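Below are the chains, spelled out letter by letter.
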Amino acid sequence: MHVRGVGDCQAWSVELVPRPATQLDRLLLFEDDVFGSLSLGKSGLSGELRLNTVLVVATLKAPPTAETLDWEGTLLGYLLARKTSMNLHVSRMVVCEPWRRRGVGKALLQAALQAAASKQSSCSASLFVACTNLPAQALYSGAGFQMEGDAKGAQVHQDYYGVGQHAVRMVVEAVHALGQLKQGQ
């Protein structure tokens, strides 16, 4: 699946990668660049690639000028997800800072949900998101994801990302989420 987008006169595309483990070196460089000391590192990322069966990447295509030709194929973001018998769990979604809020994250999520909904292989999708990451929560809510919890509020998973870094779990019916994303295009 290819999804194309344009941001600031630069075209980008999103595609499902059939063999995630082949992308280790490329993703590791991206991780180090985006996260610095908080990167998963080679062993952590290698473990994630072994566990996750769905990898979607966004890359820069068709640079607008000869000066930016070196940027062709630059990784803008990626999504890693694990498929179980009934659920697609998004374990990691990253978009580099200059490309956030330009539709790249939405396209990554759409491609993963489409893969989950194809052949009705996953009925639902889930993910964890930092309590402080309001832009990501808005993206997921726009796709139909809802926070787990009760009438008192969202269930907070204490120290999920480390000491003092809490998360909430969000879930959605995969086909419903795909429809929500397409309506918002």
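Computed from a predicted model, the values in this text were never measured in an experiment. (Residues numbered from 1 in each chain as written. Predicted model: local features only at pLDDT ≥ 70, side-chain atom pairs only at ≥ 80, totals over all residues. Heavy atoms only, no water.)

1. Describing the pairing of strand β5 (residues 87-95)
Move 1: Within β5, seven of the nine residues are buried, which leaves the element mostly enclosed by the surrounding structure.
Move 2: Once strand β4 (residues 75-83) ends, the chain turns through three residues before running back antiparallel as β5.
Move 3: Inspection of the sheet shows β5 paired to strand β6 (residues 124-130) by four bridges, in the parallel sense. Note that in β6 the partner of His89 across the bridge is Ser126. (Buried < 20%, exposed > 50% of the residue type's maximum accessible area, 1.4 Å probe, protein only. Helix = DSSP H or I, 4+ residues; strand = E, 2+ residues; numbered from the N terminus. Pairing = 2+ DSSP bridges.)

2. So, the packing of helix α1 (residues 24-35) against helix α2 (residues 41-51)
Move 1: The interhelical angle for the contact between α1 and α2, taken along N-to-C directions, is 125°, at an axis separation of 10 Å. Judged by the inter-axis angle, α1 sits oblique to α2. As α1 runs across α2, the sense of the crossing is right-handed. Here Leu24, Asp25, Leu27, Leu28 and Glu31 of α1 lie close against α2, whose contacting residues are Gly41, Lys42, Leu45, Ser46 and Leu49.
Move 2: Counted by class, the contact of α1 with α2 contains five nonpolar, two polar and three charged residues. (Axes fitted to C-alpha atoms, helices over the stretch in contact; angles between N-to-C directions. Parallel < 35°, antiparallel > 145°, perpendicular 65-115°, else oblique. Left-handed = near helix turned anticlockwise from the far one by under 90°. Contact = heavy atoms within 4.5 Å. Nonpolar A, V, L, I, M, F, W, Y, C, P; charged D, E, K, R; others polar.)

What is shown is where atoms sit, not what they do.
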